[in-house]
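Coordinates in review
What follows is each chain in one-letter form.
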Protein chains: 6
Amino acid sequence: MVLRFVVKITGKAFNEINAGLMDRYRAVLKGLVEKGFRVVVVTGGGRLARDYIGVARSLGVDSNYWLDTIGIAVSRLNALLLNTILKPYTPPKIPVTLEQVLDYTSIYKIVVLGGLIPGQSTAAVAMEVAEAIGADKVFYMSAIDHVYTKDPLKHPDAKPLEKITIDELEKLLETKSLPGQYWLLDRQSIEIIKRSKITVHLTHYSKPENITLFLENKNPGTIITP
Amino acid sequence: MVLRFVVKITGKAFNEINAGLMDRYRAVLKGLVEKGFRVVVVTGGGRLARDYIGVARSLGVDSNYWLDTIGIAVSRLNALLLNTILKPYTPPKIPVTLEQVLDYTSIYKIVVLGGLIPGQSTAAVAMEVAEAIGADKVFYMSAIDHVYTKDPLKHPDAKPLEKITIDELEKLLETKSLPGQYWLLDRQSIEIIKRSKITVHLTHYSKPENITLFLENKNPGTIITP
Amino acid sequence: MVLRFVVKITGKAFNEINAGLMDRYRAVLKGLVEKGFRVVVVTGGGRLARDYIGVARSLGVDSNYWLDTIGIAVSRLNALLLNTILKPYTPPKIPVTLEQVLDYTSIYKIVVLGGLIPGQSTAAVAMEVAEAIGADKVFYMSAIDHVYTKDPLKHPDAKPLEKITIDELEKLLETKSLPGQYWLLDRQSIEIIKRSKITVHLTHYSKPENITLFLENKNPGTIITP
Amino acid sequence: MVLRFVVKITGKAFNEINAGLMDRYRAVLKGLVEKGFRVVVVTGGGRLARDYIGVARSLGVDSNYWLDTIGIAVSRLNALLLNTILKPYTPPKIPVTLEQVLDYTSIYKIVVLGGLIPGQSTAAVAMEVAEAIGADKVFYMSAIDHVYTKDPLKHPDAKPLEKITIDELEKLLETKSLPGQYWLLDRQSIEIIKRSKITVHLTHYSKPENITLFLENKNPGTIITP
Amino acid sequence: MVLRFVVKITGKAFNEINAGLMDRYRAVLKGLVEKGFRVVVVTGGGRLARDYIGVARSLGVDSNYWLDTIGIAVSRLNALLLNTILKPYTPPKIPVTLEQVLDYTSIYKIVVLGGLIPGQSTAAVAMEVAEAIGADKVFYMSAIDHVYTKDPLKHPDAKPLEKITIDELEKLLETKSLPGQYWLLDRQSIEIIKRSKITVHLTHYSKPENITLFLENKNPGTIITP
Amino acid sequence: MVLRFVVKITGKAFNEINAGLMDRYRAVLKGLVEKGFRVVVVTGGGRLARDYIGVARSLGVDSNYWLDTIGIAVSRLNALLLNTILKPYTPPKIPVTLEQVLDYTSIYKIVVLGGLIPGQSTAAVAMEVAEAIGADKVFYMSAIDHVYTKDPLKHPDAKPLEKITIDELEKLLETKSLPGQYWLLDRQSIEIIKRSKITVHLTHYSKPENITLFLENKNPGTIITP
């Protein structure tokens, strides 16, 4: 039985379209394939998405549907960049539905995608993909290196957590000073994590090698258990 | 400018595949078209979905992705029934993506669909469709006739509400005795309602004529304001 | 060279959405895959199809095209149920064209489908699939356990047949008391059976294990030779 | 309510790729559109289909599925020729499913198609299209100018018929000297004609102007009533 | 008969994702629609395309197919931005084939697209679209304001041309100091211009209002005649 | 690493739909597959394309887009014939985009296609496919047996060339008596050959066995080096 898992990469990783970082992701992902794993990668949109959306909004577009559509297009562009440098393991195009993701995972060792539909974060996409391919692990290459006890930008005494349950994390997100700060994991993501018992391994996007560490049962970030 | 809105019909309305009720929905929807409105209808799966899912689950299927996929297929079957009796206003098939919904709304006066993707309720689909077509009204033909101050099944003193804001409703859903009872409106629905300022007109599914009453500025149910 | 064949299951098998029967189909089909066979399963609509079609008809829908479309949707729902319990051998969705069936049979060991187009029985679909994948055997899990010399419901002296040629069967169907009683095998099915020399192994749908018996050269039903 | 009907043109009409005949079809079909009708045209394959199929067969291809696929491709090529000379009334491509035919008929005044799936004659396609678009008339531009009482090539006393019911025609096809000579109307076509009560106006393919005559309630061929 | 034409906008116009410039394009394009024209807009990729392609290339990707694919994705992102601010005149997605462009032009007043396939410039796409929709005018919003007698960057005495034939332009492109400098109009574009007798109105991308001037028979740039 | 290459067969090879020649192509292509190669074959339209286009043109169609569309349909018919006789190595349908070609080459050993889009020769398609699948060799089964120093039909002293660089060939094509005689290799083909460094092995279409000779490092035609 082939082991499959999902890697979610925050759009921030693409902000500088940093060739060095991309190269390290390539090395890590190809390494995993060579060990026999199969991987689905979900990319975010990042600053470029915000820039394009910003122009549309400044011109009076207020439909969240259309603004999200632009963000999805950027996340797919980022996916395409990764897809291209991961040849020959990847399919000829970026899947745009979960069914395509499933079809491609029957044939290709690495599948890369961006967002799927408006009104859904790429984090939620990653959880849905995990559910669809039957993966119980998502590596979340995030803009922060750990889940903290408090907002680390405001509280110098905030402490990084090694482990946290999804229920505890949900409570933390609801009760903290900035209520509704769901940028880390939104509610739809949390619900899928719970219902499908997905373990999320969170670490900073600038350290792709941490995926390998997690797989060696080391813990360079926070493990969120269902 | 053509006025468009969304009608969400709970799967319960299809439990008995009640020809009389379907006929009344037809009369109401055709009446609206003749007044110049354009409508998108979103149907749920109901008991038939639960039955099919139940068999799959009893045979050991525990993937929420695949179980949801069955539920979506049933919701689309219900959509197809409505679509068929609403000829010649409806397209030749049930759309399965938001883009198809949009394409069809440029050509057909009524578009009927069921679920779109696993991990998303048909209530959330209705809100996304509203967002996509730029509708600010969703008529929610629900299993209850009003939002109540408490769970009416348990509390004889529960009172039906004429109006409630989405923030108040969210609080009500979170704090009531059975926390997380999001069957009425799940979190993803609530988020889209908030972000796109959708007004939800809720009434009981057995009274399709209430849609017309709502449009005449009467209030036979509960109006949930963004 | 991989051996491929087609299994046609009457919609009646799904009437009670009988988990026990489904489980036995699963056991038989997985058993065949493990012996190296590849199988395409075609499912009918059954009572649920008749119920939904009945509502549409009672509301004045008289287009056979649209009524058939509803029947096809139900047959696909039945196909989806089987598809789901046959993971991981099956593709992510129910194919809706013969080309998709062919594409999927290059990748997946079991492919399940329902009807394809209005005006065509699922028996005819099974024969077309056999023709398309180059299978010379169709196992027909039917509402009767044998072809009889006469209508067994009316004639106590009707005798079950072990073998019959398709020409003899055709004559039987044309000359019997109720002319045109093509519910067993309609004319399009008969034509494809003849032109592509398909052998049909007919048995009762409640005995999936008979497929294995047929493959062991036993004959628990009627063999219809081209 | 727009009047729609179907024109079936035998592949023989394309044997010589006769520009003069094509031009007359164009004149007739555009004339009809200008009178407010909407038309779906179904074309056959003709001699070119037989030639390509002949080569494949001579090289050992005996799969009726693949041989039919070639015939369908030729019928679509013929459709494309007509489609091209009927601009601007026609869509950008030849539809390959009934759903596409339906979608196109909502937008374009003339839709042209060839075959749809193996194992189905283009006559049957024409009847299915009629059923799908709700047309009760099919103009059958055939290789013979009338239905005759006997095979006119063999019996000098064969008489052309002005009218015949589909039941009578079916009996005639079954009982005549060459049993099973279903090249005129095969059994699937006959079944759809019966079940959907389609009237077929048959005339010779070399006289496209006869379509107009039929519509003026003249009868230059044979009218087959359901 | 509706008048249709094509506007090609160089990718440079999107380099700064300049909201002001986008707004002016919007004003001009909506103005044209309100005068009864229908427009197809083709956008290039610009600097963002070069940046993403640069990263891929720096990581060793040397397949022109995959590098072009990235450029196409960026050109479609630019198209999506324009598409979004041009609601409600535009379709729900960016077409990716000429057939989709044609289908959309039957329904929507403005259609925006980027590149179509690797190995083809977006200038060539614009010419192909003109050919496909039967437009005889392409407005080329280019990185230069005129065709010059010589390379204006190198030769202070280069003179802007009001008119030039496509044959003269081709000769100019072939004979000038840097032979093969086809960035203005590549050979495929030139061939389509010639064979379909397209007139190209070239002006600087920063002046969208020049489209209106050209349509009023003024000449603010260079007119390239076939 | 599997070796892949492209075979381009001129439409002339299909002019007589010569079974003997098709059989020899089959033998050669199957032979290559059995040696472990994977092949993509691109077919032209030939005389049949010219005939159908001729009728359309004689009826006043002057849109190169629609005329090319007919030519593409014929080239796909020729592709289908080859595809059919090359079972079981080929996919169920003729791909119509480069992405489909790529998807099919992951699954099937031989993929056959015709033209892709109007305004592009099938020679250019062959070069694009080579670029897309990463093949550095195209076998060009052409209407001439060699590249000659002059037009051999006019100049008895024209000499066949064993080798020529693409730059030399381009010059030859531009300077010869009939300027612009790009029927051998058009400019788009030449550009892709150059940019992706493709070696073209040209020989006469009536000698499919020459492909094998080329692969054994013999040279029965002209080798065009990038």
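A brief look at the structure comes next. Along each chain, the written sequence defines residue order, and numbers are assigned to residues from 1. Lettering for chains starts from A, numbering for ligands starts from 1, and both go in the order in which the items are written. In keeping with the predicted nature of the model, local features appear solely for residues at pLDDT of at least 70, side-chain atom pairs appear and are counted solely at 80 or more, and the whole-chain, interface and lining totals rest on all residues. Hydrogens and water molecules were not included; the side-chain quantities draw on all heavy atoms of the structure.

**Overview of the arrangement of the chains**
For clarity, the cut-off: A contact between two residues is defined here by any heavy atoms of the two lying within 4.5 Å.
When C-alpha atoms are compared, chain C and chain E, though not in contact, are closest at a spacing of 21 Å. With respect to C-alpha atoms, chain B approaches chain F no nearer than 21 Å, and the pair has no contact.

**Comments concerning the side chain of Q188 of chain E**
Stated formally: Put simply, DSSP marks the helices as runs of H or I at least four residues long and the strands as runs of E at least two long, and each gets a number from the N terminus on.
Topologically, Q188 of chain E is positioned in helix α7 (residues 187–196). Leave out the neighbours within four places in its chain, and Q188 of chain E touches G119, Q120, A124 and E128 of chain E together with G119 and Q188 of chain F.

**What to know about the interface of chain B and chain C**
The cut-off we apply is this: Note: buried area is the sum, over both parts, of the accessible area (probe 1.4 Å) each one loses when the two are combined. N or O atoms within 3.5 Å of each other form a polar contact, as long as, within protein, one can give a hydrogen and the other can take it, and as long as residues adjacent in sequence are counted only when both atoms are side-chain atoms. Residue type decides the class: Asp, Glu, Lys and Arg count as charged, Ala, Val, Leu, Ile, Met, Phe, Trp, Tyr, Cys and Pro as nonpolar, and the leftover types, Gly among them, as polar.
Each partner contributes residues to the interface: chain B has 26 residues there, and chain C has 26 residues. Summing both sides of the interface, chain B and chain C together bury roughly 2600 Å²; the carbon and sulfur share of this comes to 81%. Counting the surface chain B buries against chain C, the share from its top three residues, Y52, L59 and W66 of chain B, is 28%. The tally of links from chain B across to chain C stands at four residue pairs in polar contact (both at pLDDT 80 or more). Those elements that place two or more of their residues in the side of chain B that touches chain C are α1 (19–34), α2 (46–58) and α3 (64–85) of chain B. Grouping the amino acids of the side of chain B that touches chain C by side-chain chemistry returns 18 nonpolar, four polar and four charged.

**Observations concerning unusual backbone geometry**
For residues other than glycine, phi is negative in most cases, and the peptide bonds are mostly trans. Between K87 of chain E and the following residue, P88 of chain E, the backbone shows a cis peptide bond with an omega angle of 5°. Looking at where P88 of chain E falls in the secondary structure, it is placed in the loop between α3 (64–85) and α4 (98–105). For N217 of chain B, which is not glycine, the phi dihedral falls at a positive 65°. Within the secondary structure layout, N217 of chain B lies in the loop between α8 (209–215) and β7 (222–225).

**Remarks on the sheet that holds strand β5 (residues 163–165) of chain E**
All names here are of chain E. Short version of the rule: Strand pairing is assigned whenever DSSP detects at least two bridges linking the two strands. The axes used here are C-alpha line fits, helices contributing only the stretch in contact, and every angle between their N-to-C directions lies in the interval 0 to 180 degrees.
Within the open sheet, the seven strands sit side by side as β3-β2-β1-β4-β6-β7-β5. Their pairing is mixed. A strand with exactly one partner marks an edge of an open sheet, and here the two such strands are β3 (110–113) and β5. For this sheet, the mean inter-axis angle between neighbouring strands, taken without regard to orientation, is 20°. Sheet topology places strand β2 (residues 38–43) next to β3; four bridges connect them, and they run parallel. The residue of β3 that forms the bridge with V40 is V111. Of the strands in this sheet, β1 (4–9), β2, β3, β4 (137–142) and β6 (199–204) touch helix α5 (residues 122–133), which is tilted by about 175° from β1.

**Considerations on the relation of the copies chain B and chain C**
To keep it simple, the criterion reads: The least-squares superposition of copies is restricted to C-alpha atoms, and to residues with a pLDDT of at least 70 in both copies.
After a rotation of 180° and a shift along the axis of 0.0 Å, chain B superposes on chain C with an RMSD of 0.0 Å. As the rotation angle and translation indicate, the two copies are arranged about a two-fold axis. A symmetric contact is evident, with 100% of the interface residues of chain B recurring at the interface of chain C.

**Some words on the interface of chain A and chain E**
Definition in use: One speaks of a salt bridge when a side-chain nitrogen belonging to Lys or Arg is within 4 Å of a carboxyl oxygen belonging to Asp or Glu.
In this assembly, 26 residues from chain A lie in contact with 26 residues from chain E. Together chain A and chain E conceal approximately 2600 Å² of surface at their shared face, both sides included; 81% is due to carbon and sulfur atoms. Taken as a group, Y52, L59 and W66 of chain A account for 28% of the area that chain A buries against chain E, more than any other trio of residues on that side. Counting across the interface, chain A meets chain E through zero salt bridges. For the pair chain A and chain E, the interface holds four residue pairs in polar contact (both at pLDDT 80 or more). Looking at the side of chain A that touches chain E residue by residue, the classes come out as 18 nonpolar, four polar and four charged.

**Re the relation of the copies chain A and chain E**
Expressed as a screw transformation, the operator carrying chain A onto chain E has a rotation angle of 180° and an axial translation of 0.0 Å, and the superposed copies differ by an RMSD of 0.0 Å. Looking at chain A, 100% of its interface residues are interface residues in chain E too, so the copies touch through the same face.

**A word on the pattern of salt bridges**
Stated precisely, the cut-off is as follows: Relative accessibility under 20% of the residue-type maximum defines a buried residue, over 50% an exposed one, and the middle range a partly exposed one, all with a 1.4 Å probe and only protein chains included.
One pass over the structure, following the stated rule, counts 60 salt bridges over all chains. A salt bridge links E209 of chain E to R24 of chain E, with the shortest nitrogen-to-oxygen separation between them at 2.8 Å. Taken together, the positions of E209 of chain E in helix α8 (residues 209–215) and R24 of chain E in helix α1 (residues 19–34) put the pair 185 residues apart, joining distant regions of the chain. Residue E209 of chain E is classed as partly exposed on the basis of its relative accessible area, which comes to 33%. One salt bridge connects D68 of chain F with R195 of chain E, and the closest N-O pair in it is separated by 2.8 Å. A residue pair is termed interchain when its members come from two chains, as with D68 of chain F in helix α3 (residues 64–85) and R195 of chain E in helix α7. Its relative accessible area of 33% is what places R195 of chain E among the partly exposed residues. Three or more residues are tied together by salt bridges with common partners; here these are D167, E170 and K194 of chain A together with R187 of chain B.

**Notes on the packing of helix α3 (residues 64–85) of chain D against helix α2 (residues 46–58) of chain F**
Note the threshold: With respect to orientation, any angle under 35 degrees is reported as roughly parallel, any angle over 145 as roughly antiparallel, any angle of 65 to 115 as roughly perpendicular, and every other angle as oblique. Note: crossing handedness is left-handed where the near helix turns anticlockwise from the far helix by less than a right angle, and right-handed where it turns clockwise.
Closest axis-to-axis distance for the α3 of chain D/α2 of chain F pair is 10 Å, and the angle between their directions is 20°. Put simply, α3 of chain D runs roughly parallel to α2 of chain F. As α3 of chain D packs across α2 of chain F, the resulting crossing turns out to be right-handed. Residues L77, N78, L81 and I85 of chain D of α3 of chain D form the contact with α2 of chain F, whose own contacting residues are Y52, V55 and A56 of chain F. Among the residues making up the contact of α3 of chain D with α2 of chain F, the classes are represented as six nonpolar, one polar and no charged.

Nothing here speaks to function; it is all geometry.
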